[in-house]
Amino acid sequence: MGTKRHFRVWRGDESGGDIQDYDVEVNEGEVVLDIIHRLQATQTPDLACRWNCKAGKCGSCSMEINGKPKLGCMTRMSTFEEDETVTITPLRTFPIIRDLVTDVSFNYEKARETPAFAPPAGVAPGQYRMKQVDVERSQEFRKCIECFLCQNTCHVVRDHEENKAAFSGPRFFIRAAELDMHPLDARTDRKDYAQAEQGLGFCNITKCCTEVCPEHIKITDNAIIPMKERVVDRRYDPLVWLGRKIFRRDQLDEPAHAGAVPSVHTAGTPFTQARPAEGARVRDDGRMDVAELALPTQGGPSPFGDDQEFPLPLDHLNYTPPPTEKATEKDTKGH
Amino acid sequence: MTTRIERHHYDVVVIGAGGAGLRAAIEARLAGKRTAIISKSLFGKAHTVMAEGGAAAAMGNVNSKDNWMVHFRDTMRGGKFLNNFRMAELHAKEAPERIWELETYGALFDRTKDGKISQRNFGGHEYPRLAHVGDRTGLELIRTLQQKIVSLQQEDFAETGSYDAKIKVFAETTITELLLDGDQVAGAFGYYRESGEFLLLEAPAVVLATGGVGRSYKVTSNSWEYTGDGHALALRAGATLINMEFLQFHPTGMVWPPSVKGILVTESVRGDGGVLRNSDGKRFMFNYVPDVFRKQYADTEEEADRWYDDPDNNRRPPELLPRDEVARAINNEVKEGRGTKAGGVYLDVSTRMPAEKIIKRLPSMHHQFKELADVDITKQPMEVGPTCHYVMGGVEVDPDSAAASGTVTGLFAAGEVSGGMHGSNRLGGNSLSDLLVFGKRAGEHASAYVDALAKRPKVATADVEAALDVALAPLNRQSGENPYTLQQDLQAVMGDLVGIIRRAGELTDALKRLQEIKQRVTNVGAVGGRRYNPGWHLALDLRNMLVVSECTAKAALEREESRGGHTREDFPGMNPQWRKVNLVCSLDKSGDVHLERKPLPKMRGELISLFERTELSKYLTDDELTEFDALEAK
Amino acid sequence: MTTTATRPDAGRARAAIAAKTLRTDRWWFPPLITFVGLAAWVTYATVRVFMHKWYYVDEFHYLTPFYSPCITDRCVEGSAEFGTPLPSFWLIPEAAFTLPFLLLFRLTCYYYRKAYYRAFWLSPPACAVPDAHQKYSGETRFPLIFQNIHRYAFYAAGIISLINTWDAIRAFHSGNGFGFGLGNIVLVGNVVMLWLYTLSCHSCRHIAGGRLKHFSAHPVRYRFWTFVSKLNTRHMLLAWITLGTLALTDFYVMAVAADWFPDLRFVG
């Protein structure tokens, strides 16, 4: 059912290599990574290529397909013309190891240099309180699957190897932004760090990182530009300066606070067997969740066992009411 | 070709860089141990990222009635009482602390209105219990732990000037052999995938956290790393595996297009009106309603259709039968030739609901099929079939210390590679919390074990040479059998004969064929050199997959009942006698798999008292019930 | 978490791929139209600014935004609302106080930066296409470090938008009372678009609320930020639309002022 299609794959290592031609069978519904697997299984068992989840969730199979940085598992063959030659090359920005595998340690080194999350002092685990609106911005950046396509496509390092030392790349700008916007992060020097150590100034916002992001994170608009603006805030903005003087308010360096707290929580509330039975939980639309529906009895497993009938026969109750004066038989029958 | 071997010395070596491995490494490093993390792929790419639902922990943020005892009961119930009760207990008790800890590492879970960690409902959990971040909780977990490790490395850097002083990640490195000194773990031998260079890590304690075995199956939601390495390493080191017959299959995984084979299709598709049809266009589920469910399920399409709007006066459509029933039905349709070409059946919502409604109700599914498969589920049916999802069985461990049982000491296991915690079936959301709870325990006890050692075990040169020979063997047989073909054959045997529904005859057949494949694996070859050679890597993984598959097949043949993730067509019911038995798998010197029965540890009185007698009576033998009654009477 | 850096013989060379780019699509097309579009607009605007005529229709109080506010001696009667402090030298545009800021606002705008860095400076012309320059220091040093003054330009643009709004309002007052013609629609349309473009600015988004750490503590600013964020996603579109409406408005006023065609009057 498949058709033979023409592929060109870069083969080689650091000592050199070239683009080689292959004719591979392509079936309906396949992605580029499937073709590489078919190549491995039928023609070139030693073709090196990274991959893991095949579902666009791990970010391993980054490669350049017809010159564009993409995930192999997310590039469907149907996006190409029937007779189009597909050229697959390794990421250009990083040192080559073999075939489609590159040495991405640059990214891990930069990750290691970026200061980690600083937990707020005096807030015990379990007492962190954050509002959903406050965490949403950072959550967008935490969607990052570290495929490093943004790092690869960024011309600052792609075309200028010498900038690698001074420039961390989009992946780590979103990390800096994530932490700077984290409602409980205790550090206040993230902006300075981004400016001075990460090389935020190298970015000329040509937005290629956003264009290639498979997770559709708005890297430029939501992370890099806000970080640039935050740097400006701190250094040059006259109105901010005035605002601080007049209102004696300093939102910029707003310290991390835990919000309304405390209620120390250890391991759930005390257990009681005399818990009243509850109705089945329903979703917003008033239906029960299918996971519950799939159970033999509706409403999820009963805490009392599936075939327990209510009310319980009185002589089976192991509940002894506390000796109060008004304890009548009627009370005990209730709950 | 050089055979230079890089040597390293560590206190604790953690094999596996998923949730459990990273958590163990953090704990070992916090205990002051020099720790190595072995990651088969790049750092942070572990299969943990695929977990979507959440991490179950009885924090009681959404419903304050939740607590560890309810969680414990849910877990035991889900595992059909075959769980190691102590593991389930520790898991339920410690999960909230482990989740809260993640927040101090920088995790950002979705929040409740009052700013606590939000928790969601999930099948089998009595209360909303799953801490989550949208549908990417696994990614959040792995990234958080990864960043915590970086933060620890930064501390070390500040102190010593070297990031790797106390904790080092060996990315894209595979361990092929554990080395022993007598019965003590002395080190691990492996290779860098990138360069093909070998390395020897000398360490008195090894934590296995290598995940599952799904790659032995044709259709699986697991990635290539899941070749059962940890299971096999443990076996060869003298440890034992339990419950290997229990594999969780999800009834609806994608089977077409091939690129996404195995990826899960959420159950809500059926709950929202999706129907299953075979290639003749027939809604076949009506033929598969077991007698016990007749009363609750509709027997005409008309009634079933009415149910979606009026569930009170109609019986449910049979598509909503329990997972194993649906999986069994799909399996049977396909086996009898009424499946699609790709070996699945059709799951159709496109003819059931208007397009806007589908997009509103099933946004993520619509997106998943659109992006990954170019299938518009508002216009076309999906093709689905059962997919191998999780292995409940694994290394038999001591519940408190996560130390592996068997003859070996110094070996620990946590996460999917360990067995017992989930019994015969895992509840959704329990795996992520399992990773954290037992990952921490493994790291902690591995460190304690190192502290208690009087003398460091030594690696014998002969063992290293032997391991080296084994690793190089496929490369020396350039014309040997193609590893990809062998893997396909193995997957065919496991998928067809040791799949979701098992029969004695097929299992016997499978064991015979596994023996044949075993012979062929000894002759597997790999062309090319050592540098990043996937053919070679697969050739080395094959023997792990094979030995684990053999355990599964043997145990499946032995256990003559159906329970949780093990369904025998010839023994359809649960048998209380079998509940008392774990099947323990071990390896002898010649490499043959042995199986023995071992009694399940008995639940402590105060724990068993958490259950009602009526419920217990479904699982326990009469003798056990008598004992329970005596306990209750006290 | 090093991977290969510690490995003794990991090669440092990149993959030897001869082709500069392997992109097969028409990657050169977007920068080309950007180039043509911006160049055409700049040419038109330059010509118009130094024309020094046909910028005001006294009858209907139409003043082109290119000449607003008109502050040189040369300003025709009725067009100078804010005095005429500047002499009439041909190099001095009538709107000498505003044009530099408007230019600055657009020049330092985060969208236009992308556009001209790609289309004019070829740094890079398109994603995964090589940069045309040997050296690259981005916006880290003089002169490009001054891109960071976008914030000031935004404040100025806000004030100028107010002036433009006043121009548009004043145009409803023709000769003897309320008047309303096609020119008013053009002027108002232009001002609305200018406001949308100005408000959708990244700096505005930041000032509105982007700089806050805790949205939950500032609900009003959070709502404003949400609003600006929505506009902000269309910043590029608005940038082009306003180029269009500016040129169109100017051309319309010019045409009416030069009597090429009469204003279409609905009222008055």
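Procedures and definitions
Just so you know, the residues in each chain are numbered from 1, in the order the chain's sequence is written. A letter from A marks each chain and a number from 1 marks each ligand, given out in the order of writing. Since the coordinates come from a predicted model, pLDDT governs what is reported: local features require at least 70, and pairs of side-chain atoms require 80 or more to be given and counted, while whole-chain, interface and lining totals use all residues. Excluded from the side-chain calculations are hydrogens and water; all other atoms, namely the structure's heavy atoms, are used. Each helix is a run of H or I in the DSSP string that is no shorter than four residues. Each strand is a run of E no shorter than two, and both are numbered from the N terminus. In this treatment the radius of gyration is a C-alpha quantity, and the globule benchmark scales as 2.2 Å times the residue count to the 0.38 power. Note on contacts: a residue pair is in contact if any heavy atoms of the two residues lie within 4.5 Å. Values of accessible area rely on a 1.4 Å probe in the Shrake-Rupley scheme; residue burial ignores everything except the protein chains shown. Exposure classes here rest on a 1.4 Å probe applied to the protein chains alone. A residue is buried below 20% of its type maximum, exposed above 50%, and partly exposed in between. Throughout the structure description, domain borders are defined by an automatic or database domain assignment. Buried area is understood as the total, over both parts, of accessible area removed when two parts are fitted together, assessed with a 1.4 Å probe. We define a salt bridge as a side-chain nitrogen of Lys or Arg found within 4 Å of a carboxyl oxygen belonging to Asp or Glu. Think of a polar contact as two N or O atoms within 3.5 Å of one another; within protein, one of them needs to be a possible hydrogen donor and the other a possible acceptor, and neighboring residues in sequence only count if both atoms come from side chains. Charged residues are taken to be Asp, Glu, Lys and Arg, nonpolar residues to be Ala, Val, Leu, Ile, Met, Phe, Trp, Tyr, Cys and Pro, and polar residues to be all remaining types, Gly included. A pair of sulfur atoms, both from cysteines and within 2.5 Å, is called a disulfide here. DSSP calls a pair of strands paired once it identifies at least 2 bridges connecting them. In this analysis an axis means a line fitted to C-alpha atoms, helices contributing only their contacting stretch, and an angle means the value between N-to-C directions, from 0 to 180 degrees. Within 6.5 Å between ring centres, the rings of Phe, Tyr and Trp (the latter by its six-membered ring) count as paired, and their orientation is classed by plane angle as stacked under 30 degrees, edge-to-face over 60, tilted in between. A ring has a charge above it when a Lys NZ or an Arg CZ is no more than 6 Å from the ring centre and no more than 35 degrees off the ring normal. Two joining distances apply to patches: 9 Å for like charges and 5 Å for nonpolar side chains (Val, Leu, Ile, Met, Phe, Trp, Tyr), and every residue must have over 30% relative accessible area and no salt bridge.

**Let's talk about the overall build of chain B**
Summing up its helical and strand segments, chain B has 19 helices and 22 strands in all. Its C-alpha atoms give chain B a radius of gyration of 24 Å, near enough to 26 Å, the size a compact globule of 634 residues would have. Across its three principal directions, the C-alpha atoms of chain B cover 75 × 65 × 50 Å. Long-range contacts, defined as pairs at least 24 residues apart, comprise 72% of the intrachain contacts of chain B with a sequence gap of at least 6. As displayed, chain B offers around 20,300 Å² of accessible surface, 50% of which is attributable to carbon and sulfur atoms.

**What to know about the overall build of chain A**
Check the secondary structure of chain A and you find twelve helices and seven strands. Here chain A holds 335 residues, and 56% of them are scored as buried. A fraction of 61% describes how many contacts in chain A between residues 6 or more apart in sequence connect residues 24 or more apart. For chain A, the computed accessible surface area is about 14,100 Å², with 53% contributed by carbon and sulfur atoms.

**What to know about the domain arrangement of chain B**
All names here are of chain B. Once the domains are mapped, chain B shows domain 1 (9-246 + 392-454), domain 2 (248-389) and domain 3 (604-634). Carbon and sulfur atoms make up 50% of the area that domain 1 and domain 2 hide from each other, which totals about 930 Å². Our count for the domain 1 to domain 2 interface comes out at zero salt bridges. At the junction of domain 1 and domain 2, the tally comes to eight residue pairs in polar contact (both at pLDDT 80 or more). Each residue belonging to the side of domain 1 that touches domain 2 can be placed in one class, and the counts come to four nonpolar, five polar and two charged.

**A look at the interface of chain A and chain C**
When the parts of a complex come together, some accessible area is lost, and that lost area is often used as the size of the interface. The interface of chain A with chain C comprises 77 residues on the first partner and 63 residues on the second. Summed over both sides, the interface of chain A with chain C buries roughly 6,000 Å², with 51% coming from carbon and sulfur. Seen at the junction of chain A and chain C, the total is eight salt bridges. Where Glu229(A) meets Arg151(C), a salt bridge forms, and the shortest distance between an N and an O atom there is 2.8 Å. At the junction of chain A with chain C, the criterion picks out 42 residue pairs in polar contact (both at pLDDT 80 or more). No other element matches helix α9 (residues 219-235) of chain A, which puts nine residues into the side of chain A that touches chain C.

**Concerning the pattern of salt bridges**
All told, the structure shown has 93 salt bridges over all chains when counted by the stated rule. A salt bridge links Glu178(A) to Arg142(A), with the shortest nitrogen-to-oxygen separation between them at 2.6 Å. Note that Glu178(A) is positioned in helix α6 (residues 170-181) and Arg142(A) in helix α3 (residues 132-142), a separation of 36 residues in sequence. Comparing Glu178(A) with Arg142(A) shows no difference in burial state: the two are buried. Three or more residues are tied together by salt bridges with common partners; here these are Arg23(B), Glu27(B), Glu94(B), Arg98(B), Glu101(B), Lys440(B), Arg441(B) and Glu444(B).

**Describing the state of the cysteines**
Summed over all chains, the structure comprises three disulfides over all chains. A disulfide-free cysteine, Cys49(A) has its sulfur positioned 6.8 Å from the sulfur of Cys61(A), the nearest such atom.

**Considering the pairing of strand β5 (residues 86-89) of chain A**
Residues and elements named next belong to chain A. Residue alternation in β5 divides its side chains into two sets, Val86 and Ile88 and Thr87 and Thr89, and both sets are buried. With three bridges joining them, strand β1 (residues 3-13) and β5 adopt parallel strand pairing. Residue Val9 lies in a different strand from β5, and its bridge partner there is Ile88. Bridge count for strand β3 (residues 62-65) against β5 is two bridges, and the pairing is antiparallel. Each residue of the ladder has a partner; that of Glu64, found in β5, is Thr89.

**Re the sheet that holds strand β12 (residues 241-242) of chain B**
Residue and element names in this part refer to chain B. Across the sheet, which stays open at both edges, the four strands sit in the order β17-β12-β21-β22 with antiparallel pairing between neighbours. This sheet does not close on itself; its edge strands, each paired only once, are β17 (394-395) and β22 (593-599). Strand contacts of helix α15 (residues 534-558): β12, β21 (581-587) and β22, with the helix running at about 50° to β22, the strand carrying the most contacts.

**What to know about the sheet that holds strand β3 (residues 35-38) of chain B**
Hydrogen bonding along the main chain pairs the strands of a sheet, whether they run parallel or antiparallel. Residues and elements named next belong to chain B. If you trace the five strands from one edge of the open sheet to the other, you get β7-β3-β2-β11-β18, paired in parallel fashion. What marks the edges here is a single partner per strand, and that holds for β7 (167-170) and β18 (411-413). Neighbour to neighbour, the strand axes of the sheet diverge by 20° on average, direction disregarded. Pairing between strand β2 (residues 12-15) and strand β11 (residues 205-208): four bridges, direction parallel. Pairing of Val14 across the sheet is with Val207, part of β11. Sitting on the sheet, helix α4 (residues 137-160) is in contact with β3 and β7, with an inclination near 130° to β7. Helix-sheet contacts for helix α11 (residues 430-452) involve β2, β11 and β18, and the interaxial angle to β11 is about 165°.

**Observations concerning the domain arrangement of chain A**
All names here are of chain A. Domain annotation of chain A identifies domain 1 (3-102) and domain 2 (105-247). Using C-alpha coordinates to define each centre, domain 1 is positioned 31 Å away from domain 2. Listed by partner, the interface residues are 15 residues for domain 1 and 17 residues for domain 2. In this assembly, domain 1 packs against domain 2 so that about 1,100 Å² is buried in total across both faces, 57% of it on carbon and sulfur atoms. Of all residues in domain 1, Pro69, Thr93 and Phe94 give up the largest surface area on contact with domain 2, accounting jointly for 51% of the area buried on that side. The closest approach of N and O atoms between Arg158 and Glu64, which form a salt bridge, is 2.9 Å. Along the contact surface separating domain 1 from domain 2 lie six residue pairs in polar contact (both at pLDDT 80 or more).

**As for the packing of aromatic side chains**
What describes a pair of aromatic rings is the distance from one ring centre to the other and the angle between the planes of the rings. All chains considered together, the criterion is met by 44 aromatic pairs over all chains. Between Phe412(B) and Tyr449(B), the aromatic rings sit 6.0 Å apart at their centres with planes inclined by 70°, giving edge-to-face as the arrangement. Taken together, the residues span a long stretch of sequence, with Phe412(B) in strand β18 and Tyr449(B) in helix α11 at a distance of 37 residues. Ring centres 6.0 Å apart and planes at 20° place the aromatic pair Tyr222(C) and Trp225(C) in the stacked group. Of this pair, Tyr222(C) and Trp225(C) are both found in helix α7 (residues 219-232), three residues apart, which corresponds to roughly one turn of the helix. For Tyr222(C), a relative accessible area of 21% translates into the label partly exposed. The class of Trp225(C) is buried, set by a relative accessible area of 12%. Cluster of aromatic residues (ring-pair linked, three or more members): Phe105(C), Tyr111(C), Tyr112(C), Phe154(C), Tyr155(C) and Tyr197(C). Its end group placed over the ring of Phe148(A), Lys45(B) keeps NZ or CZ at 5.4 Å from the ring centre. Geometry around Trp68(B) places Lys93(B) over its ring, the cationic atom sitting 4.6 Å from the centre.

**Here we look at a nonpolar patch on the surface**
Together, Trp28(C), Phe29(C), Leu32(C), Ile33(C), Phe35(C), Val36(C), Phe120(C) and Trp121(C) line one region of the surface with nonpolar side chains, adding up to about 770 Å² of accessible area. Its location among the elements puts Trp121(C) in the loop between α3 (110-119) and α4 (150-170).

**Focus on unusual backbone geometry**
Each neighbour pair has its own omega, and for Ser68(C) with Pro69(C) the value is -10°, a cis peptide bond. Secondary-structure assignment places Pro69(C) in the loop between β2 (62-63) and α2 (99-107). A cis geometry characterises the amide bond from Ser123(C) onward to Pro124(C), with omega recorded as -5°. Structurally, the position occupied by Pro124(C) is in the loop between α3 and α4. The phi dihedral of Asn66(A) falls on the positive side, at around 50°, and the residue is not glycine.

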